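# Geometric and topological summary
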Amino acid sequence: MSKTYKITLLPGDGIGPEVIAESVKVLDAVSEKAGFALEYTQQNAGGAAIDAHNDPMPDSVVETCKASDAVLLGAVGGPKWDALTGAMRPESGLLKIRKELGAFANLRPVTVPASLAENSPLRPETVAGLDLFTVRELTGGIYFGQPVGTEGEGDDKKAWNTMVYSVGEIKRVARVAFEWARKRRNKVTSVDKANVLEVSRLWRDTVIELHQAEYSDVELDHLYIDNAAMQMVVNPRQFDVILTGNIFGDILSDASATLGGSLGLLPSASVGGPVGIFEPVHGSAPDIAGQGKANPIAMILSAAMMLDTLGEEAAANAIRAGVEKVLNDGYRSGDLWREGNTLASTTELGDLVKEAALAAM
Ligand SMILES: NC(=O)c1ccc[n+]([C@@H]2O[C@H](COP(=O)([O-])OP(=O)(O)OC[C@H]3O[C@@H](n4cnc5c(N)ncnc54)[C@H](O)[C@@H]3O)[C@@H](O)[C@H]2O)c1
Ligand SMILES: CC(C)[C@H](C(=O)O)[C@@H](O)C(=O)O
Ligand SMILES: [Mg+2]
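In this text the structure is predicted, and so the values were computed from the model without any measurement.

Secondary structure summary: the chain contains 13 helices and 14 strands in total. Compactness check: the chain gives a C-alpha radius of gyration of 20 Å against a globular reference of 21 Å for 361 residues, within 12% of the reference. For the chain, buried positions account for 48% of its 361 residues. Contacts in the chain between residues far apart in sequence, at least 24 positions, make up 75% of those at least 6 positions apart.

Here you go:
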């Protein structure tokens, strides 16, 4: 009997459904060849769930996710729902599912194959062959801290959010970063704002203590977030694993999209709980939705990270090899296209990656 994994698909909004379809196409092909099966349950999330159920993440969807082996998520949000506030926003639905699944560590790798270096807005020699890995805390910090509120009227109207971390929250995500560093080039750069924020002072002290107690074999340094954002584009090769909090990681990981030249390339895995969520770094890209222009590679590589987590590394590696082959052969969606490349649509890229992945098995 071949192994069957239960996957919940949350395509979401905008380009979410378009890129999810390509990842499923690739997954179906490699799983069949590798001899395991994926059984999908598709549910609404974000704006699509607001439209269908008046709730961006209904409890029934959370229960389906909890009962599965992994969740593949496209993207949520868009102009249609932008006037909504608080828990009714599509983005709140995403925060809810991350929290409910205990996905406190968001892994955001960035690799730039030599063939992509010419597509980067940065110099090819700055980015060719680059390989870095951000571990972003995902269920705490200013996204979740209390109190949150708005009060008053006119010029006296105020609003506030609170950035809170406990030692326990910092330690558990820092451990993830140190463990990944040991499997990679053995270096962690912790990014904070300890020159200004109490919460960052605690972050830095806790990372230093944990490092001394359990991970002194790993090289550790610290950068302030403003400097880190600058270093990311000027000298990205200094980084191996970047460890940072929720909002700094959000910003820094979009900045890291400049390295390969597009957000449409960056996958992520949100892990730590019993069921992982595999979601591209990008959003619903309303500006290109419905036009066949979306780059499906971020979503396809997120699906590969899902297979790694399920223990199907051979199929995951074949997907990554397929993506690399297609890029080496010069195919590009519009976000990356330059003179000399071959322009490909979302579905064409999915087909090409599928064939190249199968050939790599
Ligand atoms: N994980 C998520 O669900 C997620 C992440 C980020 C933003 N969002 C939401 O998405 C909506 C749009 O946000 P935004 O415009 O700030 O960010 P975005 O990531 O959707 O788009 C930013 C830019 O990158 C481009 N882009 C993104 N993904 C691409 C892809 N796969 N292929 C080609 N180009 C791509 C877009 O066209 C756009 O120009 C908002 O509602 C936001 O809250 C959701
Ligand atoms: C849509 C939003 C809630 C989300 C985040 O900030 O975490 C997104 O920007 C991301 O990077 O996954
Ligand atoms: Mg983001």
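All right, on to the site of ligand 2 then. Taken together, Gly-77, Glu-91, Leu-94, Leu-95, Asp-250, Val-281 and Gly-283 are the residues near ligand 2. With three residues, the single largest contributor to the shell around ligand 2 is helix α4 (residues 90-100). Residues of the shell around ligand 2, tallied by class, amount to three nonpolar, two polar and two charged.

Our focus in this paragraph is the sheet that holds strand β12 (residues 276-278). On the basis of which strands lie adjacent, the open sheet formed by ten strands has the order β2-β1-β3-β12-β11-β4-β5-β10-β8-β9 and mixed pairing. Whereas interior strands pair on both sides, the edge strands pair on one side only; in this sheet they are β2 (36-42) and β9 (219-224). Between one strand axis and the next, the sheet turns by 25 degrees as a mean value, whatever way the strands run. In this sheet, strand β11 (residues 269-271) lies alongside strand β4 (residues 105-111) in antiparallel orientation, the contact comprising three bridges.

Bringing the pairing of strand β8 (residues 187-192) into the picture now. By the criterion of burial, β8 is predominantly enclosed, with five of the six residues buried. For the handedness criterion, the β-α-β arrangement of β8, helix α7 (residues 198-214) and β9 is classed as right-handed. Where β8 meets strand β10 (residues 241-244), four bridges bridge the pair, whose relative direction is parallel. Residue Thr-189 lies in a different strand from β10, and its bridge partner there is Ile-242.

What UniProt calls "binding site: Mg(2+)" (unreviewed entry) maps, in this numbering, to Asp-226, Asp-250 and Asp-254. For the residues just named, distributed over 29 residues, the greatest C-alpha separation is only 14.1 Å, placing them together at one site. Tracing the backbone through its elements, the reader meets Asp-226 in helix α8 (residues 225-234). Among the structural elements, Asp-250 can be located in helix α9 (residues 246-255).

This brings us to the UniProt feature "site: Important for catalysis" (unreviewed entry) in the chain. The sites that carry the UniProt feature "site: Important for catalysis" (unreviewed entry) are, in the present numbering, Tyr-143 and Lys-193. Within the secondary structure, Tyr-143 sits in the loop between β5 (131-137) and β6 (149-151). The exposure class of Tyr-143 is buried, given the 20 C-beta atoms found within 10 Å. Apart from the residues lying within four places of it in its own chain, the contact partners of Tyr-143 are Leu-95, Asn-246 and Ile-247. Position of Lys-193 among the secondary structure elements: in the loop between β8 and α7. Beyond its immediate chain neighbours, meaning those up to four positions away, Lys-193 contacts Ser-200, Tyr-224 and Ile-225.

Basis of the calculations
Residues numbered from 1 in each chain as written. Chains lettered and ligands numbered in written order. Predicted model: local features only at pLDDT ≥ 70, side-chain atom pairs only at ≥ 80, totals over all residues. Helix = DSSP H or I, 4+ residues; strand = E, 2+ residues; numbered from the N terminus. Rg over C-alpha atoms; globule rule 2.2 N^0.38 Å. Buried ≥ 20, exposed ≤ 12 C-beta atoms within 10 Å, placed from the backbone. Contact = placed C-beta atoms within 7 Å. Near = placed C-beta within 6 Å. Nonpolar A, V, L, I, M, F, W, Y, C, P; charged D, E, K, R; others polar. Pairing = 2+ DSSP bridges. Axes fitted to C-alpha atoms, helices over the stretch in contact; angles between N-to-C directions. Right-handed = clockwise from strand over helix to strand, strands pointing away. UniProt positions renumbered as here; feature names shortened; annotations may be inferred.

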